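Examining the three-dimensional arrangement
So you can see what is in the structure, the chains are spelled out below.
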Amino acid sequence: MYYAGLQAKIKEANPLAKFVPCSAHSLNLVGTNAVDCCTQAVLFFNLLQNVYTFFTGSTHRWKVLNASVKGLSETRWSARDDACQSLNKNCGILNKLNNLETAFLSIFWGQILHRFNLTSKKLQAVNIDLGVVCELYKSLITYIIDLRSDKNYEYFKQCAIEKSKIKQFQSCTKRLKIRKQFFDEGPSKETTVEYSDFKVKTYFVILDQLRSQLEKRNEKYENLLKNYNFFFKLTEMTSIKVRKNAEILQNEYKDDLSTLFANECVHFRSHLLSIGDEAPKTIQDMCGFLRKNDLIGMYPYIDVDISQNAIMYSSERLSDLAIMNIESDVTAKIEFDDIINEFATLQSRRKI
């Protein structure tokens, strides 16, 4: 893919720069693409918005529902979760809509969006790192795969029937089935079989689209994490594997990491093993561990590496940059040379 904006300019200045898409926003895009994947899904969310618009158009109608319906939002998918949950709580609305498809999708989407909404909130945590992001995306992928079964479909269908009191989909068609008769049997018998393609053309399509989009976005995070992943498994890997992975990372950042980086990682692994169960597991915890115990002098290159990894997901840093941009008239008057020199002195690492 070709980029011509800010990302391209930064890449031009530093080809090793890594860009991490916002995981919460990516999850929103997963839901957006899934909603547009089939007709029934589009109609369902249009219906939710129309119901909301209808009842908010009159104070009398709004009082009848006690303000219990919710509207949609293009950018905030938790609003769609709220809308589904509110529709599920109003059985009377579902009965008046008189549609098994609507009842099914309200329950089905309600459960999925509830999990997506809670996961999205976790992805917005200040102390999250790429390892946790990949774990959360994988958990959603497994969740979607588990839902894609005939048993789960029948579960949602039965729940929809109980809630709406309707036993057939509107798209249900009747098909004439004729069983072939043998020569010694009586006249052939014709039977009518009810058939609905809702499962194949709606239920499975939505789940397949969700899975595809989740896997596509998770792959990007996996690729970003690939070179750093061994930090999350230091105590689980052998010293040989740790050394090999560290050498790969060092070769990619030759100007930043010394050839002693691999040996430093092996020692750090031994250090963590000596601590036992209290050893830090996440990148954020490792950063805190090195500073709390004044170990940066022992593991200078590990500190540089995991600190940069942690910065990729620091919302506090993004907030600071936003404030600097907002107060640009003030920052424009600040002399940065002394600050830069002081920072460079503190952060410099002498290669041996």
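See the structure printed just above.
The present account deals with the structure reproduced in this document. Please read these numbers as outputs of a predicted model, since none were measured by experiment. (Residues numbered from 1 in each chain as written. Predicted model: local features only at pLDDT ≥ 70, side-chain atom pairs only at ≥ 80, totals over all residues. Heavy atoms only, no water.)

This part takes up unusual backbone geometry. Of note in the backbone geometry, K165 takes a positive phi value of approximately 65 degrees without being a glycine. Among the secondary structure elements, K165 is positioned in the loop between α9 (150-164) and β1 (173-178). The backbone of D294 shows a phi angle near 55 degrees, a positive value even though the residue is not glycine. In this structure, D294 sits in the loop between α13 (283-292) and α14 (300-311). (Helix = DSSP H or I, 4+ residues; strand = E, 2+ residues; numbered from the N terminus.)

Bringing the environment of K216 into the picture now. Considering the arrangement of structural elements, one finds K216 in helix α10 (residues 198-225). What makes K216 partly exposed here is its relative accessible area of 46%. For the pair K216 and V30, spaced 186 residues apart in the sequence, the C-alpha separation amounts to 9.5 Å. (Buried < 20%, exposed > 50% of the residue type's maximum accessible area, 1.4 Å probe, protein only.)

With 47 residues, the main nonpolar core has F104, F108 and W109 as its most contacted residues. Broken down by secondary-structure element, the contributors of at least two residues to this core are α2 (23-35), α3 (39-56), α7 (100-123), α8 (130-147), α9 and α10. For this core, the leading source of residues is α7, giving eleven residues. Those residues in contact with F108, other than ones at most four positions away along the chain, are F156, Y203, I206 and L207. Counting residues in each nonpolar core, the second largest holds 26 residues, with M237, A246, F261 and A279 among its members. (Core = buried A, V, L, I, M, F, W, Y, C linked by side-chain atoms within 4.5 Å. Contact = heavy atoms within 4.5 Å.)

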